[in-house]
Amino acid sequence: MNYFDANTWTGRWPFAFNEEHSPRSLAAHLRQHGIGRALVSPLDAVFAPGPGPANLKLLRTTEGFAGLVPVPVINPALANWREELTARAADPRVRAVRILPRYHNYRLNLPALREFADELVRRKLRLIVQVRLIDERHEFHAMNLKPVPPAELRTFLTFRPKLPVLASGLLRSEILTLASKHADLLADLSFAEWHDTIPHLLAEVPARQLVFASHTPFLVTAAARAKISTAQVAAAKLRRIASGNLERWLH
Amino acid sequence: MRAIDIHTHPILRDDHRGRGGADQLIQRAQAHGIRHLVALGDVLAYGRSPTEAQLRKINDDTYWLMQRHPGVITGFCHLNPTLGERAVRREIERCVARGFRGLKLEIANNARDACMRPLMTAAQQHGLVLLQHAWSMTKIRQRSFHTDPEDVATLANRFPNVRIIMAHLTGCGVRGVLAVKSCPNVVVDTSGAAPEAGLVEYAVAQLGSERVLYGSDAPIRDFAVALARITGARLDAQTQQKILHDNARALLRLP
Ligand SMILES: [Zn+2]
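Conventions and cut-offs
- Residues numbered from 1 in each chain as written.
- Chains lettered and ligands numbered in written order.
- Predicted model: local features only at pLDDT ≥ 70, side-chain atom pairs only at ≥ 80, totals over all residues.
- Heavy atoms only, no water.
- Helix = DSSP H or I, 4+ residues; strand = E, 2+ residues; numbered from the N terminus.
- Rg over C-alpha atoms; globule rule 2.2 N^0.38 Å.
- Contact = heavy atoms within 4.5 Å.
- Areas by Shrake-Rupley, 256 points an atom, 1.4 Å probe, with all protein chains shown as cover.
- Lys, Arg positive; Asp, Glu negative; His and termini not counted.
- Charge placed at Lys NZ, Arg CZ, Asp CG, Glu CD.
- Pairing = 2+ DSSP bridges.
- Buried area = accessible area lost by both parts, 1.4 Å probe.
- Salt bridge = Lys/Arg side-chain N within 4 Å of Asp/Glu carboxyl O.
- Nonpolar A, V, L, I, M, F, W, Y, C, P; charged D, E, K, R; others polar.
- Axes fitted to C-alpha atoms, helices over the stretch in contact; angles between N-to-C directions.
- Donors = N, O, S within 2.8 Å, 3.2 Å for Na, K, Ca; no water.
- Buried < 20%, exposed > 50% of the residue type's maximum accessible area, 1.4 Å probe, protein only.
- Parallel < 35°, antiparallel > 145°, perpendicular 65-115°, else oblique.
- Left-handed = near helix turned anticlockwise from the far one by under 90°.
- Patch = residues over 30% accessible without salt bridge, like charges linked within 9 Å, V, L, I, M, F, W, Y side chains within 5 Å.
- Core = buried A, V, L, I, M, F, W, Y, C linked by side-chain atoms within 4.5 Å.
- Right-handed = clockwise from strand over helix to strand, strands pointing away.

## A closer look at the overall build of chain B
The helix and strand tally for chain B stands at 9 helices and 8 strands. Here chain B has a C-alpha radius of gyration of 17 Å; the compact-globule value for 255 residues is 18 Å, and the two agree. Along the first, second and third principal axes, the C-alpha set of chain B runs to 45 × 40 × 35 Å. For chain B, the share of sequence-separated contacts (at least 6 apart) that also reach a separation of at least 24 residues comes to 77%. Here chain B displays about 9,300 Å² of accessible surface, and carbon together with sulfur accounts for 49% of that area. Charge centroids of chain B, computed over 33 positive and 24 negative side chains, lie 3 Å from each other.

## Some thoughts on the sheet that holds strand S4 (residues 96-99) of chain A
All names here are of chain A. Reading across the sheet, the 5 strands line up as S4-S5-S6-S7-S8 and stay open at both edges, with parallel pairing between neighbours. Both outer strands of the open sheet, S4 and strand S8 (210-211), are each paired with one neighbouring strand and no more. Relative to strand S7 (residues 186-188), strand S6 (residues 165-168) runs parallel, the two being bridged by 2 bridges. Bridged to Ala167 within S7 is Ala187.

## So, the interface of chain A and chain B
Reports often express the size of an interface as the amount of accessible area lost when the parts come together. With 28 residues of chain A at the interface, the matching set in chain B holds 32 residues. Summing both partners gives a buried area of about 2,500 Å² for chain A against chain B, and 56% of it is carried by carbon and sulfur. Its largest share of buried area at the contact with chain B, chain A owes to Arg137, Glu193 and His195 of chain A, together 29% of the area lost on that side. Our enumeration of links across chain A and chain B arrives at 2 salt bridges. Where Glu193 of chain A meets Arg221 of chain B, a salt bridge forms, and the shortest distance between an N and an O atom there is 2.8 Å. The element contributing the most residues to the side of chain A that touches chain B is helix H9 (residues 221-229) of chain A, with 4 residues. Tallied by class, the residues present in the side of chain A that touches chain B amount to 12 nonpolar, 8 polar and 8 charged.

## Quick notes on the sheet that holds strand S2 (residues 37-42) of chain A
All names here are of chain A. Taking strand neighbours across the sheet as the criterion, the 3 strands line up as S1-S2-S3 in an open arrangement whose pairing is parallel. Each having just a single partner strand, strand S1 (4-10) and strand S3 (68-70) make up the two edges of the open sheet. Ignoring strand direction, the axes of neighbouring strands in this sheet form an average angle of 35°. Bridge count for S1 against S2 is 5 bridges, and the pairing is parallel. Bridged to Thr10 within S2 is Pro42. Contacts from helix H1 (residues 23-32) reach S1, S2 and S3, with the element oriented near 145° to S1. Set on the sheet, helix H10 (residues 235-250) makes contact with S1 and S2; between it and S1 the angle comes to about 80°.

## Re the coordination of the zinc ion
Residues and elements named next belong to chain B. Protein coordination at the zinc ion: the donors are His7 (NE2), His9 (NE2) and Asp217 (OD), at 2.1 to 2.3 Å from the metal. Between consecutive donors of the zinc ion, the numbers of intervening residues give the motif H-x1-H-x207-D. With His7 in strand S1 (residues 3-8) and Asp217 in the loop between strand S8 (212-213) and helix H8 (223-231), this residue pair connects regions lying 210 residues apart in the sequence. Taken as a pair, His7 and Asp217 share a single burial class, namely buried.

## A closer look at the packing of helix H1 (residues 18-31) of chain B against helix H2 (residues 52-68) of chain B
All names here are of chain B. Here H1 crosses H2 at 50°, and the two axes come no closer than 12 Å. For the element pair H1 / H2, the angle class is oblique. The two elements H1 and H2 meet at a crossing, and its hand is right-handed. Contacts from Arg19, Ala22, Asp23 and Ile26 in H1 reach Asp60, Asp61, Trp64, Leu65 and Arg68 in H2.

## Concerning a positive patch on the surface
Where like charges cluster on the molecular surface, the positive patch consists of Arg208, Lys237, Arg240 and Arg248 of chain A. In this structure, Lys237 of chain A sits in helix H10.

## A look at the nonpolar core
Soluble globular proteins tend to bury their nonpolar side chains together. Counting 62 residues, the largest nonpolar core has Leu103, Leu119, Met120, Leu130, Ile164 and Tyr214 of chain B as the members making the most contacts within it. The greatest single-element share of this core, amounting to 6 residues, is contributed by helix H7 (residues 199-207) of chain B. Setting aside anything within four residues of it in sequence, one finds Leu103 of chain B in contact with Phe76, Cys77, Leu79, Ile92, Leu119, Ala123, Leu128, Val129, Leu130 and Leu131 of chain B. The next biggest cluster of nonpolar side chains, apart from the first, holds 57 residues, and it includes Ala27, Val40, Val129 and Ile175 of chain A.

## Quick notes on H7 of chain B
Residues and elements named next belong to chain B. Most of H7 is tucked away, with 7 of its 9 residues classed as buried. Along H7, the residues that are buried comprise Leu199, Val200, Glu201, Tyr202, Ala203, Val204 and Leu207. If you follow the buried residues of H7, they end up packed against helix H6 (169-180), strand S7 (186-189), S8, H8 and helix H9 (237-252). Looking at the residues trailing H7, positive phi occurs at Gly208, about 95°.

## Some points on the environment of Phe76 of chain B
Residues and elements named next belong to chain B. Along the chain, Phe76 turns up in strand S3 (residues 73-78). For Phe76, a relative accessible area of 0% gives the class buried. Taking the C-alpha atoms as reference points, Phe76 and Leu103, 27 residues apart in sequence, are found 4.9 Å from one another.

## Observations concerning H9 of chain A
In an α-helix, one full turn covers 3.6 residues, which means residues spaced three or four apart are oriented alike. Counting buried positions along H9 of chain A yields 7 of 9 residues, so the element is predominantly enclosed. Of the residues making up H9 of chain A, those classed as buried are Thr221, Ala222, Ala223, Ala224, Ala226, Lys227 and Ile228 of chain A. Close packing links the buried residues of H9 of chain A with H1, helix H8 (197-202) and H10 of chain A together with H8 of chain B.

## Some points on the pairing of strand S5 (residues 129-132) of chain B
All names here are of chain B. Here S5 shows two buried faces, one formed by Val129 and Leu131 and the other by Leu130 and Gln132. Two elements, strand S4 (residues 102-105) and S5, share 4 bridges in a ladder whose sense is parallel. Bridging across to S5, Gly102 finds its partner in Val129. For the handedness criterion, the β-α-β arrangement of S4, helix H4 (residues 117-126) and S5 is classed as right-handed. Looking at chain direction, S5 and strand S6 (residues 164-166) are connected through 3 bridges and run parallel.

Structural measurements only, silent on function.
Pasting the structure below:
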């Protein structure tokens, strides 16, 4: 089975003893786990005052790694978001951008987000909303971040029906709440878990809305794969979840 | 691969499947190579401070599982230490007579509280293992009843002859591993939260491969994911086998 990973990162996360991946080491690591392609964003963009330098480095260093699809981070709460978007979208490999509302201190009702969403639609770019990066119960003590609540995401999706959105980092219960109400929403499986994760979700959510994601290097890559490969579900559905849905969403 | 799962709740109200669901869960565990499971009971079925009657119901469900799956299920008796010495003693005696091998504590009280003494004394007397819920919460506002790894260490130092399983390695994190490092009677199970990378390796490096035990927290968690925390870690096959199976076999004195 082909795996297309919706959620991977290069760079260093300061609050855990995680791997610090370059595009080269990330590609090799994913290959080892049978993952041929992945969306990749730069961790250095999370805490920097602006995501520009990290995006630039990501685009430069992922060249030559055909399996890595660079996904720049944009901060629409910064006055230069349009410039940043224009510059990064000039690279034809860029099909989607990622936002981190809580890490960048805004809510999805931020006025600039309306224009930002319209601009993404105009450019035929997709949007990934990073709901959480880690489990907030044991976030580093100096941080006080809550994930994006499902209700906030729901309101945003209701007002932006034309924008293709992938929600990354939703819990099982949040996927069940959101996906059944928004037929166009994609949800990645990085944080979703139950004793029979995939059949459990498929009882309420169509397979076309779920995408494989390892959240490397935060989470154990092999665990994300095992969640899919051991699921007792028709192979055609698993193929869509493993790679087909993300493929279709990007093109 | 053979495994023993030290942390499961085969009957869980949130699962909405009751006893029938438990059978399916055990079958699924066995399909994954898990030959034996510790059943901890539906510990939050009646809130964080269950009554004596509610505890009996929870433990009766566990006993039902033990009888239905002999040799496959080890039962741990769920307790509420705040009910007082007599109630605690009574439930422990009842469960020990039925073959339970351990005690399971959740969030009725903090593990450092004085109300722990009777059950720890009984644990020592009957050779019972204690599985204590623990988590390194970032903004803890419930310390009066919520046990941090540091509280597990306090308890372990007071009762060095009782073997303690500190639950949820991922929730306890680096801080939690360090808190119990100097307590040789504490082992840690690998459950808790999403499968964060690097923690199992860290726990082995700090505590040694004998003090880390595979646990899933199923049905809240997926066996495949829980097992991959160990099989997907950068550890040699022998160490993985200890964590998945051998350490738990020795602790529970299983054949
Ligand atoms: Zn549990």
